[in-house]
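Commentary on secondary and tertiary structure
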Amino acid sequence: MFKPIYLSIFGVLLLTSCTSNKDSIALTDLRVEHMNAPFGLDTRAPRFSWKIDTEGGALGQKGYQISVGTDSMEVAKGKGTYWNEQRESDNTLLVYDGKPLQPFTKYYWGVQVSSGDGESDVKVSSFETGMMDNSNWEGSWITDVEDMDLKPAPYFRREFEPQKEVVRARAYITAAGLYELSLNGQKVDDRWLDPIYTRFDRRNLYVTHDVTSFFQEKRVAIGVLLGNGWYNHQSTAVWNFHQAGWRNRPRFLMNIRVWYADGTSEILATDTSWKTKLSPVVFNSIYTAEHYDARLELEGWDQSDYDDAGWNSALEVKAPSDKITAEVMPPITGEKMDFAKMEKRSDRQYIFDLGRNIAGVTELTIKGEKGTQIKVTHSEQLDSLGNLDLSNIIVHYRPKDTLDPFQTDMYTLKGGEEEIFRPRFNYKGFQYVEVESDRPINMVLENISAYFMHSDVESIGKIHTSNETINKIWEATNASYLSNLFGYPTDCPQREKNGWTGDAHINIETGLYNFDAIMVYEKWMADHRDEQQENGVFPSIIPTWGGWGYDWGNGPDWTSTVAIIPWQLYQFYGDDRALDNMYEPMKKYVDHITSISYEGGLTDWGLGDWVPVKSVTPKEFTSSIYYYVDATILAKAARHFGKEIDYQEYSQLAESIKNAINTKYLDIEKGLYGSGFQTELSAPLYWGIVPDSLKQKVADNLALEVKKTNHIDVGLLGTKTLLGALSQNGYADLAFTVASQETYPSWGWWIKNGATTLYENWDIDASSDLSRNHIMFGAISAWFYKGIGGILPDENAPGFKNFILKPNFVDGLDHFEAKFESRFGQIMSKWERRGNQVEYNCTVPPNSTALLYLKGKNIKGSNEGMTIQTDGPIFKIDLLPGSYTFYIEE
């Protein structure tokens, strides 16, 4: 039992806070659909959110007034013509509940917040709707020819003359494949690989571009270059995307809407009046590379007054699907990087080292004779002679000829001045690059750059410790996470680029502690809905083409993404939209597992603890545990949404599954599951399978098993549960010992061998499964926040409205700091050893609260009195917003 203690000014707590001459409350970070002033929204009920800052002791938000309308001045006064709502509430996440929003409209929204002491602040932002309904599209899908085997990428062009003063112009464009849009010879923005990959025969995404500035000219030339992407997969690999039922020549649909100063508007849509011709991009594959012949360039093709008399008319074609929806998420972009080293083998061969592993492309600045052919090969490793070695990533490639070498761009020079080449429709995984030419060329280090490509999600987390290996593991995990985020989470950026479900749910917390990625995951949940079969089954990779992944690699240990990811989005953001959208798919999925289960709640459908170090946990055991996890989440979701009958049904199902697992695998007398392997003991502890009366016994047995080597002996699933099960059950020091190892097998072993990203296999000399940029084993990053920093969401107040702080002052670290930007502001958990004391600092952001657990003999400090509960060495403290310092005697 916790005993309450009231602490006086001479008590044990030191509270520090910012001071100001005037108490104040300020609005910050206004967002719609978790985006800053987005445009092109399709949702009829967008979400509005904001944060508040307080100074000088001002109380948090006690009330709000929100207004939505088309007049910014009126909205600023709290007079919205579409929605007005005023409440006494500290809620900072609202769902639109006003008049129906209209398409193609810019709306302003304003919010005024007030504190309990009379302070207030007002801010105004905006958002813009897009199509909102497929019926609003005009024109036709177009392509150049109906030949999916034709390799060169097509150009399309059209010119337009605005008749009046243009005040606003938007380009709404969707494509099956990829596109690059330019106006008057200039690419419209810095987005790459649009639109994001979906299952093309179920749903296509469109992007909205603000092109107002381009339409100030008297004549506007519009150019589009189409790439294959995943739609027309001409390269061949084991997943057989070249056999996809949707496969065809890339095509696109675009509406450009122009609004004039006199209130009228005009629409330019794609049709047969557009002209088309083949481009210098003579081959492009999202999987392998891009080939470009600069001798075929058509100078000025996307500028006005270009003579396109020799071009063909575009061909109207059938839409790939009957559903087009807005792409609302951070775009894919590229961060430019310099190479670290260059080795000149000859004037026809150069090898470059970036110094780190990334996903992306290279850019060459090069000069040479006309017709010179350049080959740019990308790899993750070198062989013993210092040559590029692709053997670890080429294993699944099945080329039919030698014309499409793996991860090898080809460029043919036009001659004359310096030329710049950067692929448009591809990305690769690499650290090393070889540039070869069939004629002499002169290169220096500055002639090549790399672009680190990924979804441009905002960084919101930071870990720093006194252990440099731990710091590098965290950095490597982030690098692998970003390298595998391209509008959907992937496994690796070279060999596969597939949306493997198991990798994604294992690393969902790693993603959400470190990056603001909710909109990427919401899009991916829509991909799940596209892929679910009538019987409830999901494929192991999402998106897929309707063939591969439905009969291998799926099962609850992998495709529990349907439950785990929307649940974690709810925990991290307090936003239940994904959970709501996935409720019925989740229910259908759990019901399918139930239909094939046996012995009261067991299933062997799945892949198991993939790529274990040594010990192999039974697949039936781990799959049944994830069946339990799914049923448990479904029951919680049912309770949240007020579905009492479902709540009762799935709660009982979860209990039955738990009993079935314990009946078959738990030795009650010994406190052991199965053979007592690390995954066999940690997974039931972590996921709540172990009976309460046996938790400590099972945890003690897990500790004994781990202490045999002080190293991991798990696969993918065990990396999620091992460290967590130890740190949650009194063995945080042991968990850190395992996490910080620098000898095989460990994360630190990779780092000590030069890794800058995470690997696919613990054995760096393994003969298979050896991608050097895999997010698979990345759950350790989330554990840094949870197991050492102790920053945990509270299921009873999701979104970090209330949260748990339960730091572990582990042996082997002198200091540790975790920062996490929650929806309410920054949470900090920081500690440092000072002699025989630990100084602990934490921050609770405005509008939220925290429950702090500290373990020690005594805690010291000074402040106005507070109530602290104690239970032996555990101190339990309720915290209001502010910054706190504690001194703990261990």
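Scroll up for the structure.
The following paragraphs examine the structure supplied in this document. (Residues numbered from 1 in each chain as written. Predicted model: local features only at pLDDT ≥ 70, side-chain atom pairs only at ≥ 80, totals over all residues. Heavy atoms only, no water.)

**Observations regarding the sheet that holds strand 12 (residues 154-160)**
Condition: In this analysis, strands are considered paired if DSSP registers two or more bridges between them. We count a stretch as a helix when DSSP gives it H or I for four or more residues in a row; a strand needs E for two or more, and each element gets its number in order from the N terminus.
Strand order in the open sheet formed by six strands is 15-14-17-12-20-23, and the pairing between neighbours is antiparallel. Each edge of the open sheet is held by one strand with a lone partner, namely strand 15 (186-187) and strand 23 (312-313).

**Description of the packing of aromatic side chains**
Here is the rule we go by: Stacked, tilted and edge-to-face pairs are distinguished by plane angle, under 30 degrees for stacked and over 60 for edge-to-face with tilted covering the rest, among Phe, Tyr and Trp rings (Trp via its six-membered ring) whose centres lie within 6.5 Å. Relative accessible area decides the class of each residue, using a 1.4 Å probe on protein chains only: under 20% of the type maximum gives buried, over 50% gives exposed, and in between gives partly exposed. Note on criteria: charge over ring means Lys NZ or Arg CZ within 6 Å of the ring centre, with the direction from the centre no more than 35 degrees off the ring normal.
What the rule picks out here adds up to 68 aromatic pairs. Judged by centre distance (6.4 Å) and plane angle (15 degrees), the ring pair of Tyr-884 and Phe-886 falls under stacked. Given a relative accessible area of 3%, Tyr-884 falls into the buried group. Take Phe-886: its relative accessible area is 0%, and that puts it in the buried class. Taken together, the ring pairs connect Phe-48, Trp-50, Tyr-64, Tyr-82, Trp-83, Tyr-96, Tyr-107, Trp-109 and Phe-127 into an aromatic cluster. Of note, Arg-422 hangs over the ring of Tyr-451, and the distance from its end group to the ring centre comes to 4.7 Å. Its guanidinium or amino end placed over the ring of Tyr-427, Lys-497 lies 4.9 Å from that ring's centre, counting from NZ or CZ.

**With respect to the environment of Tyr-887**
The residue Tyr-887 is located in strand 50 (residues 882-889) in this model. Of the residues examined, Tyr-887 reaches a relative accessible area of 26% and is grouped as partly exposed.

**Overview of unusual backbone geometry**
Put simply, Ile-542 and Pro-543 share a cis peptide bond, and its omega is 0 degrees. Note on placement: Pro-543 falls in the loop between helix 5 (518-531) and helix 6 (556-559). Following Tyr-744, the chain continues to Pro-745 via a peptide bond in cis, the omega torsion being -10 degrees. With respect to the helices, strands and loops of the structure, Pro-745 is situated in the loop between helix 15 (732-739) and helix 16 (747-752). A positive phi angle, near 55 degrees, is found at Asp-29, a position not held by glycine. Here Asp-29 lies in strand 3 (residues 24-32). Of note in this structure, Asp-305 is not a glycine but carries a positive phi near 65 degrees. Inspection of the secondary structure assignment puts Asp-305 in the loop between strand 22 (290-293) and strand 23. Assessed through its relative accessible area of 65%, Asp-305 is described here as exposed.

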